[in-house]
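# Inside the fold
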Amino acid sequence: MTKRVAVLATNGYEKSELNSPKEAMEKEGFQVDIVSLEKGKIKGWSDANWSGEIDVNYTLSEVTARDYNALLIPGGVINPDKLRTDDKALQFVRDFFRQKKPVAAICHAAWVLISANVVDGRKMTSYPSIKDDLINASAHWEDTEVVVDQGLVTSRSPKDLDAFNAKIVEEIKEGKHEMQGV
């Protein structure tokens with residue numbers, strides 16, 4: 001049975017933080033769907049400029065966490081800032097935790113996890129500028145290229161993508177994690 005992964009993204013996603021993990025997961029034979037707030041295409045961000053587009057496969061109103069084996073949230077500043085104010089996006093994220101499925105977030109994507117109230121007591125990393133946000137949300141922040149805590153995979157930035165991608169694939173292959181939850 002093919003593993004399905006939802007990539008939760010909207011305009012302003014960090015291009016490398018979506019494309020690189022997506023390619024790594026597809027190389028493993030996983031089906032990777034772009035799930036967003038609206039239909040159509042979303043614009044990427046790279047080196048302080050808009051950079052390319054990607055097709056949205058489904059909107060949040062068309063799918064649920066039950067449809068997937070795992071969730072990836074790419075960073076950038078714009079993407080997570082928009083997602084963390086959307087109630088459907090936050091519910092989608094919480095449902096992956098409730099269902100004990102792997103969740104991966106890189107860079108500023110931890111903002112979405114903070115707003116979904118799923119970081120309390122978790123070991124995590126992120127882009128250094130949101131370290132205090134995570135600590136204030138009761139996460140245990142580490143300055144490491146990748147941190148794994150019971151199916152939750154986090155990384156700091158695009159420079160950590162190789163380690164991040166490897167851990168995402170590993171966690172998805174392992175499946176549900178009984179200690180993952182809210």
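My aim in this report is to walk through the structure given alongside it, one point at a time. (Residues numbered from 1 in each chain as written. Predicted model: local features only at pLDDT ≥ 70, side-chain atom pairs only at ≥ 80, totals over all residues. Heavy atoms only, no water.)

### Re the overall build of the chain
Broken down by element type, the chain carries 6 helices and 12 strands. For 182 residues, the compact-globule estimate of 2.2 N^0.38 gives 16 Å, and the C-alpha radius of gyration of the chain, at 14 Å, lies within 12% of that figure. The principal-axis extent of the C-alpha atoms belonging to the chain is close to 40 × 35 × 30 Å. Going through the 182 residues of the chain one by one, you find that 52% of them count as buried. Entry remark: accessible area of the chain is about 8200 Å², with carbon and sulfur atoms responsible for 43%. If you average the places of the 24 positive and of the 29 negative side-chain charges in the chain, the two averages end up 4 Å apart. (Helix = DSSP H or I, 4+ residues; strand = E, 2+ residues; numbered from the N terminus. Rg over C-alpha atoms; globule rule 2.2 N^0.38 Å. Buried < 20%, exposed > 50% of the residue type's maximum accessible area, 1.4 Å probe, protein only. Areas by Shrake-Rupley, 256 points an atom, 1.4 Å probe, with all protein chains shown as cover. Lys, Arg positive; Asp, Glu negative; His and termini not counted. Charge placed at Lys NZ, Arg CZ, Asp CG, Glu CD.)

### Remarks on helix H3 (residues 87–98)
With 12 residues, H3 should reach 16 Å at 1.5 Å per residue; the first-to-last C-alpha distance of 16 Å fits that figure. Looking only at H3, the buried set comprises Ala89, Leu90, Phe92, Val93, Arg94, Phe96 and Phe97. With a side-chain oxygen lying 3.0 Å from the backbone nitrogen of Lys88, the N-terminal cap of H3 falls on Asp86. (Expected span 1.5 Å × (residues − 1). Polar contact = N/O pair within 3.5 Å; in protein donor to acceptor, adjacent residues only side chain to side chain.)

### Considerations on the pairing of strand E11 (residues 146–149)
Where E11 and strand E12 (residues 152–155) come together, 4 bridges link them in antiparallel fashion. Along E12, the bridge assignment pairs Val147 with Thr154. Between E11 and E12, which pair antiparallel in sequence order, lie 2 residues; one of them, Gln150, sits at a positive phi of approximately 50°. (Pairing = 2+ DSSP bridges.)

### Topic: the environment of Lys176
Counting through the fold element by element, Lys176 comes out in the segment after helix H6 (161–174). With 89 residues separating them along the chain, Lys176 and Asp87 place their C-alpha atoms 24 Å apart. Apart from residues no more than four positions distant in its own chain, Lys176 is found in contact with Gln99, Lys100 and Lys101. (Contact = heavy atoms within 4.5 Å.)

### Topic: the side chain of Thr10
Turning to its location among the elements, Thr10 is positioned in the loop between strand E1 (4–8) and strand E2 (13–14). With sequence-adjacent residues up to four places away left out, Thr10 is seen in contact with Ser36, Leu37, Ile42, Lys43, Asn79, Lys82 and Leu83.

### Here we look at the sheet that holds E12
Backbone hydrogen bonds are what pair the strands of a sheet, in a parallel or an antiparallel way. Taken in spatial order, the 7 strands make up an open sheet running E6-E3-E1-E7-E8-E12-E11, and their pairing is mixed. Edge positions in the sheet fall to strand E6 (58–59) and E11, since each of these pairs with one other strand and no more. Inspection of the sheet shows strand E7 (residues 70–73) paired to strand E8 (residues 103–106) by 3 bridges, in the parallel sense. Across the sheet, residue Leu71 finds its bridge partner in E8, namely Val103. Here H6 sits on the sheet and contacts E1, E7, E8, E11 and E12; the angle it forms with E12, its principal contact strand, is near 175°. (Axes fitted to C-alpha atoms, helices over the stretch in contact; angles between N-to-C directions.)

### Re the pairing of E12
Walk down a regular strand and you will see the side chains alternate between the two sheet faces. Residues Leu152 and Thr154 point to one face of E12 and Val153 and Ser155 to the other, with burial holding for every one of them. Both E8 and E12 contribute to a ladder of 4 bridges, which runs parallel. When the sheet's bridge partners are listed, Val103 is paired in E12 with Leu152.

### Examining helix H1 (residues 15–27)
The end-to-end C-alpha distance of H1, which contains 13 residues, comes to 18 Å, matching closely the 18 Å that a straight helix rising 1.5 Å per residue would cover. Along H1, the residues that are buried comprise Glu17, Leu18, Pro21, Lys22 and Met25. Buried residues along H1 cover an arc of 110° about the axis, so they all sit on one side. Of the residues in H1, the exposed ones pointing more than 90 degrees away from the buried face are Glu23 and Lys27. After H1 finishes, the residue Gly29 shows a positive phi value of roughly 90°. (Arc of directions from axis to C-beta.)

### With respect to the packing of aromatic side chains
By the definition in use, this model includes 2 aromatic pairs. Pairing Trp45 with Trp50 gives two aromatic rings, centres 4.9 Å apart and planes at 90°, and the pair type is edge-to-face. With a relative accessible area of 24%, Trp45 lands in the partly exposed category. For the cation-ring pair, Arg4 lies above Tyr68, with the distance from its terminal atom to the ring centre recorded as 4.5 Å. (Phe/Tyr/Trp six-rings, centres within 6.5 Å; stacked < 30°, edge-to-face > 60°. Lys NZ or Arg CZ within 6 Å of the ring centre and 35° of its normal.)

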